[in-house]
Amino acid sequence: MKLVCSLATLVFATAPVASLAQEVTPVVAQIVSPVHSEHGTSQTGSYDAGLSTLTIRDDRSDRALEGLIWYPTDTAGPVRLEFESAVWVGSHVIRDAIAAEGAFPIIVLSHGMFGSVRNQAWFAAAMARRGYVVAAINHPGTSTRLRDPDQRRALWERPGDITRVIDFAVSPGALQVQIDPDSVFMAGHSLGGFTALALAGARYDAEHLAQFCDATPGELTCDILADWDIAQTAQDRQQMQADLSDSRIRAFAVFDLGGTQSFSEESLRTIDKRILIFGAPIMNSGLTLDIESRALVAALPTGNFRYVEPATLSHFDFFNLCKPAGFDILAEEIPGDEVVCQDGGRHREAMHALILDEVTAFFAESLR
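All values derive from a computational prediction rather than experimental measurement.

Draft legend 1. Seen up close, the nonpolar core. In terms of nonpolar packing, the biggest core is built from 71 residues, with Val177, Leu197, Tyr204, Trp228 and Ile275 touching the most fellow members. Apart from the residues within four sequence positions on either side, Ile275 is in contact with Leu197, Ala200, Phe252, Val254, Leu300, Asn304, Phe305, Arg306 and Phe362. By size, the runner-up hydrophobic cluster in this structure holds 37 residues, among which are Trp122, Phe123, Phe318 and Ile355.

The structure is reproduced here in structure tokens:
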């Protein structure tokens, strides 16, 4: 059980939850009208969700990438419940099912700090039922069980991981499901949102971040990046500040990102990719909305983003549903981490439905 929510440990060691309550000012963001079909904004879920393990096979022997892939299937079963525990509600999938015929769009999914491919299993399975392939890998250095400090310091590798997944996925015959190479999307939560922005064209700016951190002592992202020794040498700065974008990705979904202030303002202003941004005003993770999602919205060029800030959305509503006993179990076994299951039942289920419909509509519009 100690590993159930270990990704939250560093966050709450440096930013007590009680200190996060603060007044926020609503923002006015550009809204791109969602796509409406005769069935509403979401697809009908005409498939079941297949699930298989994913191993990226390429020439990078120094950074192995492994994870999971969800995909549409017409197979009749057997359906099984995966990722179920005393804390977490599982998701229904068909293991190693035969993929449905046809070429499907793909979403490459990037987890948050010290998270894993399981964190957004609910999202991946639901999008597979809606006709998308979803590929997720555990990022070496910043995932639950892969915390090597040298790999963590090489934070520029995170966007590279996603590029490698795309390279592999669009290679003929690499996967059991056929991918439409012209329909590549990405979604990222928290540090995964940082990863998504880099792939969209945002450029890391060590000097800009240093100035921000000097003026904002104790800010969570500053402390984390400093603790990880990010861009502390000339060689590392060169790697971090390089262009890490991937032009094949048509659109992005960014879920309550961290690290906005590490990007140059100029690079944010010139991003030409369509981005769906979720900001979480229930700030129970240590991230501050005004300097993260809201600041990103203010920096991006008009015309290519949609900003969604539901009043009751929290950072951990992008996780799987929690069981009724989950909060108390975590409070007893890992005090402090129980916040990841705060309002993790019916309320989170409603947030999931909203997130799925927004992402589905936004990506569908991006395919037009």
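Still more to cover.
Draft legend 2. Expanded view of unusual backbone geometry. For the bond from Gly77 to Pro78, the omega torsion is 0°, close enough to zero to count as cis. Summarising the element assignment, Pro78 is placed in the loop between β2 (66–73) and β3 (80–82). One non-glycine residue, Phe114, lies in positive phi territory at about 55°. The class of Phe114 is buried, set by a relative accessible area of 5%.

Draft legend 3. Local environment of the pattern of salt bridges. Under the criterion given, the structure shown has 17 salt bridges. Across the pair Arg294 and Asp290 runs a salt bridge whose closest N-O atoms are separated by 2.8 Å. Classification of Arg294 by relative accessible area gives buried; the value is 6%. When its relative accessible area of 39% is taken as the criterion, Asp290 is described as partly exposed. Note that Asp317 is salt-bridged to Arg348, the shortest N-O span being 3.1 Å. Of this pair, Asp317 sits in the loop between β10 (305–308) and α11 (326–333) while Arg348 sits in helix α12 (residues 346–366), and the two are 31 residues apart along the sequence. Pair check on accessibility: Asp317 and Arg348 agree, each one buried. The network of salt bridges with shared partners includes Arg60, Asp62 and Glu157.

So, how was this worked out
- The residue numbering used here restarts from 1 in each chain and proceeds along that chain's sequence as written.
- In view of the model being predicted, local features appear only for residues whose pLDDT reaches at least 70, and side-chain atom pairs are presented and counted only at 80 or more, with totals across whole chains, interfaces and linings using the full set of residues.
- Only heavy atoms go into the side-chain values, all of them from the structure, while hydrogens and water stay out.
- The term nonpolar core refers to a set of buried residues drawn from Ala, Val, Leu, Ile, Met, Phe, Trp, Tyr and Cys, joined through side-chain atoms within 4.5 Å.
- Accessible area is worked out with a 1.4 Å probe on protein chains only. A residue is then buried under 20% of its type maximum, exposed over 50%, and partly exposed in between.
- Contacts were defined at the residue level, with two residues in contact if any of their heavy atoms lie within 4.5 Å.
- Numbering goes from the N terminus for both helices and strands, where a helix is a DSSP run of H or I of at least four residues and a strand is a run of E of at least two.
- Any Lys or Arg side-chain nitrogen found within 4 Å of a carboxyl oxygen on Asp or Glu counts as a salt bridge.

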